[in-house]
Amino acid sequence: MALAAKAAGRDPASVQLVAVSKQQPQDRILAMLATDQRVFGENRVQEAESRWAGQPRRSELELRLIGPLQTNKVREALALFDVIETLDRPKLAEALASEVQKRGRSPRLYIQINTGEEPQKAGVVPAGSDDFIQACRRDWGLAIEGLMCIPPEAEPPGLHFALLARIAARNGITALSMGMSGDFETAIRFGATSVRVGSALFGGRAPGQAALSGSGPT
Ligand SMILES: *Cc1c(COP(=O)(O)O)cnc(C)c1O
């Protein structure tokens, strides 16, 4: 990451590593906690709860939800996560806004953009993104910290990262969550402020535990 940042003329400290701990065994998580890595990404609310809710060092950690969020899980998600990266539809914005009002405090929010317009993938299509960002701010009073995308597996990711950066820039958004194990260097070149890395950091995930559809490749 530092080399990629330097090659792009960026300060390495301007890119955060989100360690994607989904489906990883406890010993690898503990080994990671023994380093100074404190930001972790999970794609399922229940799995994350069982892994992190009882963690003695929970208060030192930043947990990010990077998988789809169902409206009936919003309360649980807000109780656990510091950042939600997958806001992608009006119904969810409404549910989040209502829960935020009850709790008197909001998680940091990212909107997921479906840059490849893949039907099986979550996210707002690019053409609808300006309107959705505006509606989140105006109609639901939600502060949007950043945008997130998962490029199609079969395409070079650079164009998708560039598109995400353009949508963010024209909406006054500076945080970009993009790049995974296979493409984080490219993402950093295109301006990622956080990269979500799982297998390159922890090793392969347990076979047979496929990720939820729409949450990216396993
Ligand atoms: C699993 C996942 C990642 C991490 O993928 P790796 O290829 O293991 O780095 C990143 N982002 C999302 C949304 C994921 O679901």
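Going by the structure above, here's the rest.
A few points on the structure. (Residues numbered from 1 in each chain as written. Predicted model: local features only at pLDDT ≥ 70, side-chain atom pairs only at ≥ 80, totals over all residues. Heavy atoms only, no water.)

### Digging into helix H5 (residues 90-103)
Okay, step 1: Taking 1.5 Å of rise per residue, the 14 residues of H5 would be expected to cover 20 Å, and the 20 Å separating its terminal C-alpha atoms lies within 8% of that figure.
Okay, step 2: Considered for burial, the residues of H5 that qualify are Leu-92, Ala-93, Leu-96, Ala-97, Glu-99 and Val-100.
Okay, step 3: Residues of H5 that are buried sit in contact with helix H4 (74-80), strand S4 (83-87), strand S5 (108-112) and helix H6 (126-138).
Okay, step 4: Phi turns positive, to about 75 degrees, at Gly-104, one or two residues after H5. (Helix = DSSP H or I, 4+ residues; strand = E, 2+ residues; numbered from the N terminus. Expected span 1.5 Å × (residues − 1). Buried < 20%, exposed > 50% of the residue type's maximum accessible area, 1.4 Å probe, protein only. Contact = heavy atoms within 4.5 Å.)

### What about the packing of H6 against helix H7 (residues 158-170)?
Okay, step 1: Orientation of H6 relative to H7, taken along the N-to-C sense of each, is 30 degrees, at an axis distance of 10 Å. Classified by the angle between their axes, H6 and H7 sit roughly parallel to one another. Judged by the sense of rotation from one axis to the other, the crossing of H6 with H7 is right-handed. Every residue of H7 that contacts H6 at Pro-126, Ser-129, Asp-130 and Ile-133 is listed here: Leu-163, Ile-167 and Arg-170.
Okay, step 2: Looking at the contact of H6 with H7, its residues break down into 4 nonpolar, 1 polar and 2 charged. (Axes fitted to C-alpha atoms, helices over the stretch in contact; angles between N-to-C directions. Parallel < 35°, antiparallel > 145°, perpendicular 65-115°, else oblique. Left-handed = near helix turned anticlockwise from the far one by under 90°. Nonpolar A, V, L, I, M, F, W, Y, C, P; charged D, E, K, R; others polar.)

### So, H7
Okay, step 1: Taking 1.5 Å of rise per residue, the 13 residues of H7 would be expected to cover 18 Å, and the 19 Å separating its terminal C-alpha atoms lies within 8% of that figure.
Okay, step 2: Where H7 is buried, its residues touch H6, strand S6 (146-148), strand S7 (175-177) and helix H8 (184-189).

### Observations concerning unusual backbone geometry
Okay, step 1: Backbone geometry places Gln-23, a non-glycine residue, at a positive phi of 60 degrees.
Okay, step 2: Within the element layout of this structure, Gln-23 appears in the loop between strand S1 (16-20) and helix H2 (26-33).
Okay, step 3: Take Gln-23: its relative accessible area is 5%, and that puts it in the buried class.
Okay, step 4: Unusually for a residue other than glycine, Glu-117 sits at a positive phi of about 50 degrees.
Okay, step 5: By relative accessible area, Glu-117 is classed as exposed at 51%.

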